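As a plain string of letters, each chain reads:
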Amino acid sequence: MEIGGGFGTLGEILLGDKRNNCFYINADIPPVSFISSYYLKEIFGNSNIADYEDLKDYDILDINQLKQEKKAINITSWQVPKLKGKIDLFVNFISFQEMEPEVVNNYCKYVTSLSPKYILLRNILEGKRRQSDDYIYGVETPIVGEDYDAFLTNYELLATDSYIFGFKTEDGFHSQLRLYVRK
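A. Geometry of the packing of helix H1 (residues 9-16) against helix H2 (residues 32-44). Running from N to C, H1 and H2 point in directions that differ by 20°, and their axes come no closer than 10 Å. Taken together, H1 and H2 sit at an angle that is classed as roughly parallel. For the pair H1 and H2, the sense of crossing is right-handed. Residue-level inspection shows Gly 11, Glu 12, Leu 15 and Gly 16 of H1 in contact with H2, the latter providing Tyr 39, Leu 40, Ile 43 and Phe 44. When its residues are assigned to classes, the contact of H1 with H2 shows 5 nonpolar, 2 polar and 1 charged.

B. Geometry of the pattern of salt bridges. In the structure shown here, the tally under the stated rule is 5 salt bridges. Of the charged contacts, one joins Lys 41 and Asp 54 as a salt bridge, the two residues approaching to 3.5 Å between their closest N and O atoms. In this pair, Lys 41 is assigned in helix H2 and Asp 54 in helix H3 (residues 52-55), connecting sequence segments 13 residues apart. Between Lys 56 and Glu 53 there is a salt bridge whose closest N-O contact spans 3.1 Å. Take Lys 56: its relative accessible area is 33%, and that puts it in the partly exposed class. One salt-bridge network, in which partners are shared between bridges, spans Lys 41, Asp 51 and Asp 54.

C. Region of interest: the packing of aromatic side chains. Within the structure shown, the criterion is met by 7 aromatic pairs. Considering the side-chain rings of Phe 34 and Tyr 52, the 6.3 Å spacing of their centres and the 80° angle between planes classify their relative orientation as edge-to-face. Taken as a pair, Phe 34 in helix H2 and Tyr 52 in helix H3 lie far apart in primary sequence, 18 residues in all. Phe 34 gets classed as partly exposed once you look at its relative accessible area, which sits at 42%. Joined through ring pairs, the aromatic side chains of Phe 90, Phe 96, Tyr 107 and Tyr 148 make up one cluster. The ring centre of Tyr 135 lies 4.0 Å from the NZ or CZ of Arg 129, which sits over that ring.

D. Broad picture of the environment of Ser 36. Within the secondary structure, Ser 36 sits in helix H2. Residue class for Ser 36 comes out buried when judged on its relative accessible area of 0%. The residues touching Ser 36, leaving out its near neighbours within four places in the chain, are Gly 6, Phe 7, Gly 8, Asn 26 and Asn 74.

E. Just H2, in detail. Taking 1.5 Å of rise per residue, the 13 residues of H2 would be expected to cover 18 Å, and the 18 Å separating its terminal C-alpha atoms lies within 8% of that figure. By the burial criterion, the buried members of H2 are Ser 33, Ser 36, Ser 37, Leu 40, Lys 41 and Phe 44. Buried residues of H2, viewed axially, fall in a sector of 130°; they line one side. In H2, the exposed residues that point more than 90 degrees away from the buried face are Tyr 38 and Glu 42.

Reading the values: the criteria
Residues numbered from 1 in each chain as written. Predicted model: local features only at pLDDT ≥ 70, side-chain atom pairs only at ≥ 80, totals over all residues. Heavy atoms only, no water. Axes fitted to C-alpha atoms, helices over the stretch in contact; angles between N-to-C directions. Helix = DSSP H or I, 4+ residues; strand = E, 2+ residues; numbered from the N terminus. Parallel < 35°, antiparallel > 145°, perpendicular 65-115°, else oblique. Left-handed = near helix turned anticlockwise from the far one by under 90°. Contact = heavy atoms within 4.5 Å. Nonpolar A, V, L, I, M, F, W, Y, C, P; charged D, E, K, R; others polar. Salt bridge = Lys/Arg side-chain N within 4 Å of Asp/Glu carboxyl O. Buried < 20%, exposed > 50% of the residue type's maximum accessible area, 1.4 Å probe, protein only. Phe/Tyr/Trp six-rings, centres within 6.5 Å; stacked < 30°, edge-to-face > 60°. Lys NZ or Arg CZ within 6 Å of the ring centre and 35° of its normal. Expected span 1.5 Å × (residues − 1). Arc of directions from axis to C-beta.

Keep in mind these values describe shape, not function.
Given below as C-alpha cells:
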C-alpha cells in the first residue's frame, strides 16, 4: 500500500514484473488519483484496476476480496478508512512531508490498523521548510523522523539512511529512508 503514489510508478514497477505476486493499493488526492487510475488502467487493463468510480459505493474495502478480483486498487484519500484486512508493506515517499503532523498521525493510525509487517518512508531529514511570508509553500510544523517514531508505536525503526539510499544536498535538506518493522 502506498499513500501519495503520484501517477502510480511504484504500482507499475511491482505489477509489471511477472515474478511479483502482489496486490497494489494506491491512495491519493484528486486529481492525482484519477490520473494514476488512467495510467495504470492503460498499462494493465481496465479489468485489473479498480478505482474511485468502481468502489465509491462500498462501505468496506475488503483487501482480501479485492485481491481475488483485481491486481490493484487506486482510491482517494477519504477512502483509506474503508480499507479492512492486512497488508505486507506500506510506503510513503515524501508526501507526508507536505502534511501537518495531526494529518500524518491520522493516516498512520489507519495504516497500522492494516498490520503491515514493514513500513518504508522517505522523508526530508530536517522536515519540510516552514511556511513564511517569503515562502508560502511550506508547512506550519515540519514532520521529522522522531514524529514517525511517536506515531508508529507498534513498530521498531530497523534502519535509516541518508547516504546510500537517501540523498545529501548542499542546501541543508536531506532525503532520508526510514524502515520500520512491526514489533
